[in-house]
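Here is what each chain is made of, one letter per residue.
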Amino acid sequence: MISHGRNIKIFTGNSHPELAREIAEILGVSMGDCQVGTFSDGEISVNINETVRGTDVFVVQSTSAPVNNNLMELLIMIDAFKRASAGRITAVIPYYGYARQDRKAKSRDPITAKLVADILTAAGADRVLTMDLHAAQIQGYFNIPVDHLLGSPILAKYFLEKGLGDRDDVVVVSPDLGSVTRARKFADRLHAPIAIIDKRRPKANVSEIMNIIGEVEGKICILIDDMIDTAGTITNAANALKDLGAKNVYACCTHGVLSGPAFERINNSSMEELVMLNTIALPKRDDLKKFKSLSVAPLIAEAINRIYDDQPISKLFEG
């Protein structure tokens, strides 16, 4: 394996081409010429229309819905670049699908996050660049370097620019016990206290608010999570905070999965605004007044530049 390619080339599948083009524009390079489609029977077709021999190839592809199609596109593209003698192949996965299946929660459960890591490595990826894994220990599932970027500095900057930093009436709220560490780090950036929602989940994709630890009455509450899927947890939390006297409720996350009834739940909830990063493409809809999307392209472009120049990524965690 060549440890460093001669130049940077950015390629993308069909999951989020807009983000890939924005990254390429920031880096000052042209998008790689690649066609990713399907044969008549649904099999994925990949055609690389330019040489990649000896180059540093970065494949930008979120494994979001349709998860299996986007994952297969990524794997087949990596295989194509490996067979075309690319110098180094980095899988840039802004949203890493299957990350929630990261352990055996009960007997005979698969650990699909580990399986996906094995498949990416077997396909020929030399390293992975991703953002806000659902469980940070997924980095250990890989036997290749993993650069794990954080979305909270981008989100915190947005709220600081709204004037919600260093105020006595702002509190950062963790929607469950598992997000307390994330909420505390986010609150440190705003110099705000935290509150915690203790909830019980009776079954999959259904949550029930049980208790709120902390002072929220008369406060501007900012809920933070790594991802929002069906939006049951975050909207129940927002409604509960409002019922307990919160002045305003905002929510933010890195990954807006937004499946099923998510849009309807968010639009009917008590939250003022949902702020997300564009690791997953936001669909074109008419009911997006409560939704705000912030770009991760500058952060990912800087990470790519640092990987290419063999510079440390750790400085990017400072925001």
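Note that this is a predicted model, so its numbers are computed, not measured. (Residues numbered from 1 in each chain as written. Predicted model: local features only at pLDDT ≥ 70, side-chain atom pairs only at ≥ 80, totals over all residues. Heavy atoms only, no water.)

Student: Any chance you could explain the UniProt feature "domain: Ribose-phosphate pyrophosphokinase N-terminal" (unreviewed entry) in the protein here in plain terms?
Tutor: Within the UniProt annotation, "domain: Ribose-phosphate pyrophosphokinase N-terminal" (unreviewed entry) is assigned to residues 8-124. Within the segment residues 8-124, helix and strand shares are 34% and 22% respectively, and the terminal C-alpha atoms sit 18 Å apart. (UniProt positions renumbered as here; feature names shortened; annotations may be inferred. Helix = DSSP H or I, 4+ residues; strand = E, 2+ residues; numbered from the N terminus.)

Student: Is there a simple way to explain the pairing of strand S13 (residues 273-277) in this structure?
Tutor: Along a regular strand, successive side chains alternate from one face of the sheet to the other. Within S13, five of the five residues are buried, which leaves it mostly tucked inside the rest of the structure. Residues Glu273, Val275 and Leu277 of S13 are buried on one face, and the alternating residues Leu274 and Met276, pointing to the opposite face, are buried as well. Both S13 and strand S14 (residues 291-294) contribute to a ladder of four bridges, which runs parallel. Each residue of the ladder has a partner; that of Leu277, found in S14, is Leu294. (Buried < 20%, exposed > 50% of the residue type's maximum accessible area, 1.4 Å probe, protein only. Pairing = 2+ DSSP bridges.)

Student: I keep staring at the nonpolar core and nothing clicks. Help me out?
Tutor: A general trend in soluble globular proteins is that nonpolar side chains are found buried together. Counting 43 residues, the largest nonpolar core has Leu149, Phe159, Phe186, Ile222, Ile300 and Ile304 as the members making the most contacts within it. A per-element tally of this core places helix H8 (residues 297-308) first, with eight residues. By size, the runner-up hydrophobic cluster in this structure holds 34 residues, among which are Ile44, Leu75, Ala91 and Ala125. (Core = buried A, V, L, I, M, F, W, Y, C linked by side-chain atoms within 4.5 Å.)

Student: Looking at this structure, I do not really get the UniProt feature "binding site: ATP" (unreviewed entry) in the protein. What am I missing?
Tutor: This chain's UniProt record puts "binding site: ATP" (unreviewed entry) on Asp41, Gly42, Glu43, Arg100 and Gln101. Across 61 residues of sequence, these annotated residues are also dispersed in space, with a maximum C-alpha separation of 30.3 Å. Residues contacting Arg100, with those up to four places away along its chain left out, are Tyr95, His134, Met227 and Asp229. (Contact = heavy atoms within 4.5 Å.)

Student: Explanation requested: the sheet that holds strand S4 (residues 56-60) in the structure shown.
Tutor: Strand pairing in a sheet takes place through backbone hydrogen bonds and is either antiparallel or parallel in direction. Strand order in this open sheet of five strands is S1-S4-S5-S6-S7, and the pairing throughout is parallel. In this open sheet, the two strands that pair with only one neighbour each are strand S1 (8-12) and strand S7 (146-149). Shown here is a sheet whose adjacent strand axes are inclined to one another by a mean of 20°, direction ignored. Pairing geometry for strand S6 (residues 127-131) and S7, over four bridges, is parallel. Across the sheet, residue Met131 finds its bridge partner in S7, namely Leu149. (Axes fitted to C-alpha atoms, helices over the stretch in contact; angles between N-to-C directions.)

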